[in-house]
Amino acid sequence: MRLEVDILKKRWKDVLITAIESLILMWFIYAFLYQNYLLYKWHRGLPLPSKLPFILVGVASGLAFFFFEIDKLIKSSQEGISGVADGRSGEDPSNNKA
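Residues numbered from 1 in each chain as written. Predicted model: local features only at pLDDT ≥ 70, side-chain atom pairs only at ≥ 80, totals over all residues. Heavy atoms only, no water.

Asker: I tried to follow the pattern of salt bridges on my own but got confused; where do I start?
Answerer: Opposite charge on two side chains permits them to pair, given that their charged atoms come into close proximity. Considering all chains together, one arrives at three salt bridges under this definition. Between E69 and K72 there is a salt bridge, with the nearest N and O atoms lying 3.5 Å from each other. On the criterion of helical spacing, the pair formed by E69 and K72 is a turn pair, its members being three residues apart in helix α2 (residues 52-82). By relative accessible area, E69 is classed as buried at 17%. Under the relative-accessibility criterion, K72 is labelled partly exposed at 44%. (Salt bridge = Lys/Arg side-chain N within 4 Å of Asp/Glu carboxyl O. Helix = DSSP H or I, 4+ residues; strand = E, 2+ residues; numbered from the N terminus. Buried < 20%, exposed > 50% of the residue type's maximum accessible area, 1.4 Å probe, protein only.)

Asker: Looking at this structure, how should I read the nonpolar core?
Answerer: Across soluble globular proteins, you tend to see nonpolar side chains buried next to one another. Within the largest apolar cluster, five residues are counted, these being Y30, A31, Y34, L38 and F54. Among the elements that line this core, the one with the most residues is helix α1 (residues 2-41), at four residues. Among residues more than four places away in sequence, those in contact with F54 are Y30, L33, Y34 and Y37. (Core = buried A, V, L, I, M, F, W, Y, C linked by side-chain atoms within 4.5 Å. Contact = heavy atoms within 4.5 Å.)

Asker: Whenever I open this one, the side chain of T18 confuses me. Can you help?
Answerer: As for its placement among the helices and strands, T18 is situated in helix α1. Assessed through its relative accessible area of 6%, T18 is described here as buried. What T18 contacts, discounting residues up to four positions off in sequence, is F65, F66, E69, I70 and L73.

Asker: It is not clear to me how the side chain of S22 should be interpreted in this structure. Could you clarify?
Answerer: Take S22: it is sitting in helix α1. Residue S22 is classed as buried on the basis of its relative accessible area, which comes to 3%. A distance of 2.9 Å separates a polar side-chain atom of S22 from the backbone oxygen of T18. Excluding residues that lie within four positions of it along the chain, S22 makes contacts with G62, F65 and F66. (Polar contact = N/O pair within 3.5 Å; in protein donor to acceptor, adjacent residues only side chain to side chain.)

Asker: Hey, could you run me through the packing of aromatic side chains in this one?
Answerer: To describe a pair of aromatic rings, you give the distance between the ring centres and the angle between the ring planes. Applying the stated criterion to the full structure yields five aromatic pairs. When the centroid spacing of 6.0 Å and the interplanar angle of 15 degrees are considered together, the rings of Y30 and Y34 count as stacked. Of this pair, Y30 and Y34 both sit in helix α1, four residues apart, which is roughly one turn of that helix. What makes Y34 buried here is its relative accessible area of 6%. (Phe/Tyr/Trp six-rings, centres within 6.5 Å; stacked < 30°, edge-to-face > 60°.)

Read these as geometric descriptors, not functional statements.
Here you go:
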């Protein structure tokens, strides 16, 4: 029972870390794209362009990263439940004593 609680806490911790990484990635992508647009396309005296397209690209990329990482977490947790899902075990195959 204690082992199950520890595994559950670790999974939620991994999900929380992934969510924080996604938020940071969203902000970096938005800031990078918007600042580069201003640097190369915007000239003094012109009104500032809308931030909405850059925000949408940042959010979309952050969500894509989040779902990709969550998918990896789900697959790794299913490997732990079902045993060896992909044929890779930690055992040495040459150590067979029959």
